[in-house]
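Notes for the structure review
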Amino acid sequence: MSQYQLIALDMDGTLLNSKKEISPGCREAIEKALAKGKEVVLSTGRCRPELTEFRKLIPGLRYVNCTSGAMVYDFREQRVIYSNTIDIPVVKEIFRLARKEEAMLHILDEKSIEQTNQLAHIDRYGMGVYKELHARVVEPHDDLYGFYMANPFPVEKINLYHQSMESRTRTKERIQALALPVEMVDAESSSLELTATGVDKGVGLTKLCEALGIPVSASIAVGDADNDLSVLRAAGLAVAMGNALDSVKAISDITVADCDHDGCAEAIYKYLLG
């Protein structure tokens, strides 16, 4: 039996294929791992509302390391295991900077919240592939800026969807000039993902392993993008997808098939159940 007790799966570009679906082969592999007492965890930049439909597909999935490590959550007990949020004054400043570039704002927290007119034109911001998902889970507001300023709260994660890479660069430079206490990760074609300083998927995995009494050395992480680097470095075994960036493959122990050829299922069978 494998020495590994837990596998943390990134979603987009890893567990989900190019159609944003979990293949039957991956579902079967996850169910077999869960039946043998192994922990299978979603390790994702998505927030909790965006994960509900996947939990229905695989009811045994219990733990998530979501919003890029800002929230580690037990869905079965509806319990927060670990969280680290962006403080209200910082969120307000990010909102002001987003307006300078007319970037599309996305709050990822207990709810997924966006601006109504921006949501209607999500393709302009390079996020068209997620259009159906956002339409299903997002709470739209006609004036998101006004809504937040009147009802501020700490936020797990903010995504800023820009209309160009140059626009994203200007936002990053302004954040750096203000020395805002946030982690910045480039995503998609011109998106910017923001979490509190010290937040990443690797921290989330470590906190979950501590809570479960599992040595982090007994964990596997599977990913494809730069926001997976921290969790791959933290895990006992780092697995890169065939479609992963070169930076991910460079630090990983092994590479499996790509997301359209059940790379996650391969990792589960070979290294979690093998």
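The structure under discussion appears in the preceding block.
Thresholds applied
Numbering of residues starts from 1 in every chain and runs along the sequence as written. Given that this is a predicted model, residues contribute local features only at a pLDDT of at least 70 and side-chain atom pairs are listed and counted only at 80 or more, while totals for whole chains, interfaces and linings are drawn from all residues. Hydrogens and water molecules were not included; the side-chain quantities draw on all heavy atoms of the structure. When the centres of two rings from Phe, Tyr and Trp lie within 6.5 Å, Trp using its six-membered ring, the rings pair. Their planes under 30 degrees apart give stacked, over 60 give edge-to-face, and anything left gives tilted. Here a strand is any run of E in DSSP of at least two residues, a helix any run of H or I of at least four, and the numbering for each starts at the N terminus. Classification of residues uses two cut-offs on accessible area relative to the type maximum, computed with a 1.4 Å probe and protein chains only: under 20% is buried, over 50% is exposed, and between them is partly exposed. Counted as over-ring charges are cases with an Arg CZ or a Lys NZ within 6 Å of the ring centre that also lie within 35 degrees of the ring normal. Two strands pair if DSSP finds at least two bridges between them. Orientation is described by axes fitted as lines to C-alpha atoms, over the contacting stretch for helices, and by angles from 0 to 180 degrees between their N-to-C directions. In what follows, a contact means two residues having at least one pair of non-hydrogen atoms within 4.5 Å.

To continue, consider the packing of aromatic side chains. Per the counting criterion, the structure on display carries four aromatic pairs. Summarising the aromatic geometry, the rings of Tyr73 and Phe75 are spaced 5.2 Å apart at their centres and angled 80 degrees between planes, so their arrangement reads as edge-to-face. Aromatic pair Phe95 and Tyr148: ring centres 5.0 Å apart, planes at 35 degrees, arrangement tilted. Here Phe95 is found in helix H3 (residues 88-100), whereas its partner Tyr148 is found in helix H6 (residues 144-150), with 53 residues between them in sequence. Each member of the pair, Phe95 as well as Tyr148, carries the same accessibility label: buried. By the ring-pair criterion, three or more aromatic residues cluster together here, those being Phe95, Tyr145, Tyr148 and Phe153. Above the face of the Tyr73 ring, Arg48 is positioned so that its terminal group lies 4.9 Å from the ring centre. Over the ring of Tyr145 we find Arg99, and its NZ or CZ is 3.9 Å from the ring centre.

Moving on, we get to the sheet that holds strand E1 (residues 6-9). Hydrogen bonding along the main chain pairs the strands of a sheet, whether they run parallel or antiparallel. Strands sit in the order E5-E4-E3-E2-E1-E12-E13-E14 across an open sheet of eight strands; the sheet is mixed. Looking at strand neighbours, the two that pair on one side only are strand E5 (79-83) and strand E14 (254-255), the edges of this open sheet. Of the strand pairs in this sheet, E1 and strand E12 (residues 219-223) are connected by four bridges, and their pairing is parallel. The residue bridging Ala8 from the neighbouring strand is Ala221, located in E12.

Attention shifts here to the sheet that holds strand E11 (residues 191-196). A sheet is described by the order of its strands in space; here six strands give the open sequence E8-E7-E6-E9-E11-E10, paired in mixed fashion. Since the sheet does not close on itself, it has two edges, and those belong to strand E8 (138-141) and strand E10 (182-187), each with one partner. For this sheet the average axis-to-axis angle between neighbouring strands, irrespective of direction, equals 20 degrees. Inspection of the sheet shows strand E7 (residues 112-115) paired to E8 by four bridges, in the parallel sense. Within E8, the residue paired with Ile113 across the bridge is Glu139. Relative to the sheet, H3 contacts strand E6 (104-108), strand E9 (157-161), E10 and E11, its axis offset from that of E9 by approximately 5 degrees. With respect to the sheet, helix H7 (residues 165-178) is in contact with E9, E10 and E11, its orientation differing from that of E10 by roughly 170 degrees.

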